[in-house]
Amino acid sequence: MQLEQRRKRRRLVSLTPLIDVVFILLIFFMLATTFAQWRALPVSAAGEGGDVVAELTALRVSVDADGRFRMEGQVVDLSGLKQRVRDGLTADPDRPVRLQTHDDAPLRAVVAAMDGIRAAGGHNLSLARE
């Protein structure tokens, strides 16, 4: 009789450890997940044989391999980039802005430059490789 009771006890599997593990995994993934809103950045790719006049009048911004921003050959920080783009667009708000990126430019710097140009009012943005 005692042997039968022992077998019954051994067969019972407690679900408490399983629930604990699932709960811990749930908390981990809730804390590890970011709930940032994804948004699209509208950009046109600069193609070959584009408008020559637009190409000559475009504001040129570049991001180098180290993630530094350059405008007209001078290194600027993000706030300086915004201000210079804003100044360049005062006469013509539809003036094209050409963002040239180095092949090894960090994506974070390229997106920051795109956001800065958009914040400064540059809505005619094209992306090109250096």
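Calculation notes
- Counting starts from 1 at the beginning of each chain's written sequence and moves along it residue by residue.
- Where local features are concerned, this predicted model is filtered to residues with pLDDT of at least 70; where side-chain atom pairs are given and counted, the filter is 80 or more; whole-chain, interface and lining totals use all residues.
- Only hydrogens and water are set aside when side-chain values are computed; all heavy atoms of the structure are taken into account.
- Helical segments are the DSSP runs of H or I of at least four residues, strand segments are the runs of E of at least two, and each set is numbered from the N terminus.
- The buried label goes to any residue with under 20% of its type's maximum accessible area, the exposed label to any with over 50%, and the partly exposed label to all in between, with areas taken from a 1.4 Å probe on protein chains only.
- Scored between 0 and 100, pLDDT is the confidence that the predictor attaches to each residue.
- Relevant arc is that of directions from the helix axis to the C-beta atoms, nothing else.
- Lines fitted to C-alpha atoms define the axes, with helix axes restricted to the stretch in contact, and inter-axis angles between N-to-C directions lie between 0 and 180 degrees.
- Working rule for angles: under 35 degrees goes down as roughly parallel, over 145 as roughly antiparallel, 65 to 115 as roughly perpendicular, anything else as oblique.
- Note on convention: the crossing is left-handed when the near helix lies turned anticlockwise from the far helix by less than a right angle, right-handed when the turn is clockwise.
- Contacts: residue pairs with any heavy atoms within 4.5 Å of one another.
- Charged residues are taken to be Asp, Glu, Lys and Arg, nonpolar residues to be Ala, Val, Leu, Ile, Met, Phe, Trp, Tyr, Cys and Pro, and polar residues to be all remaining types, Gly included.
- Residues belong to one nonpolar core when they are buried, are Ala, Val, Leu, Ile, Met, Phe, Trp, Tyr or Cys, and are joined through side-chain atoms within 4.5 Å.
- Any pair of N or O atoms that falls within 3.5 Å is considered a polar contact. Within protein, one atom must be able to donate a hydrogen and the other to accept it, and sequence-neighbouring residues count only if both atoms are side-chain atoms.

*Asks:* What exactly am I supposed to notice about the environment of A65 here?
*Replies:* Following the sequence through the fold, A65 ends up in the loop between strand 2 (59-63) and strand 3 (69-71). Exposure remark for A65: the relative accessible area of 33% places this residue in the partly exposed category. When the C-alpha atoms of A65 and D103 are compared, they prove to be 7.1 Å apart, with 38 residues separating the residues in sequence.

*Asks:* In this structure, what is going on with the confidence of the model for the chain? I would like to understand it.
*Replies:* Note that predicted coordinates carrying low pLDDT should not be read in detail. Per-residue confidence for the chain averages 82 on the pLDDT scale, and 78% of its residues sit at or above 70. Per-residue pLDDT, averaged within each element of the chain, yields its smallest value for strand 1 (residues 44-45) (61) and its largest for helix 2 (residues 16-32) (92).

*Asks:* Explanation requested: helix 4 (residues 78-88) in the structure shown.
*Replies:* Helical geometry: 3.6 residues make up each α-helical turn, so side chains three or four residues apart lie on a common side. For helix 4, every residue scored as buried is listed here: G80, L81, V85 and G88. The buried residues of helix 4 occupy one face: seen down the axis, they fall within an arc of 130°.

*Asks:* Please clarify how unusual backbone geometry should be interpreted in this entry.
*Replies:* Not every positive phi belongs to a glycine, and E72 is a case in point at roughly 55°. Within the element layout of this structure, E72 appears in the loop between strand 3 and strand 4 (74-76). In this structure E72 comes out as exposed when scored by relative accessible area, which is 56%.

*Asks:* What am I meant to see in the packing of helix 4 against helix 5 (residues 107-119) here?
*Replies:* The axes of two packed helices give the description: the angle between them and the distance between them. Across the interface, helix 4 lies against helix 5 with an axial gap of 8 Å and an inter-helix angle of 40°. Taken together, helix 4 and helix 5 sit at an angle that is classed as oblique. Considering the relative orientation of helix 4 and helix 5, their crossing is right-handed. Counted together, L78, L81, K82, V85 and R86 of helix 4 and A112, A113, G116, I117 and A119 of helix 5 form the full contact between these two elements. Looking at the contact of helix 4 with helix 5 residue by residue, the classes come out as 7 nonpolar, 1 polar and 2 charged.

*Asks:* Please explain the nonpolar core as it appears in this structure.
*Replies:* Among soluble globular proteins, nonpolar side chains are generally buried collectively. Core analysis: the biggest nonpolar cluster contains 19 residues, and V61, V63, L81, V85 and L99 have the highest contact counts within it. When residues of this core are traced back to their parent elements, those giving at least two are strand 2, strand 3, helix 4, strand 5 (97-101) and helix 5. Ranked by residue count, the leading element in this core is helix 5, at 5 residues. Other than its neighbours up to four places away in sequence, V85 contacts L59, V61, M71, I117 and A120.

*Asks:* I tried to follow the side chain of D64 on my own but got confused; where do I start?
*Replies:* Within the fold, D64 resides in the loop between strand 2 and strand 3. When its relative accessible area of 11% is taken as the criterion, D64 is described as buried. Reaching out from D64, the side chain makes a polar contact with the backbone nitrogen of R68 at a distance of 2.7 Å. Apart from residues lying up to four places away in sequence, D64 is in contact with R70, H102, A105 and P106.

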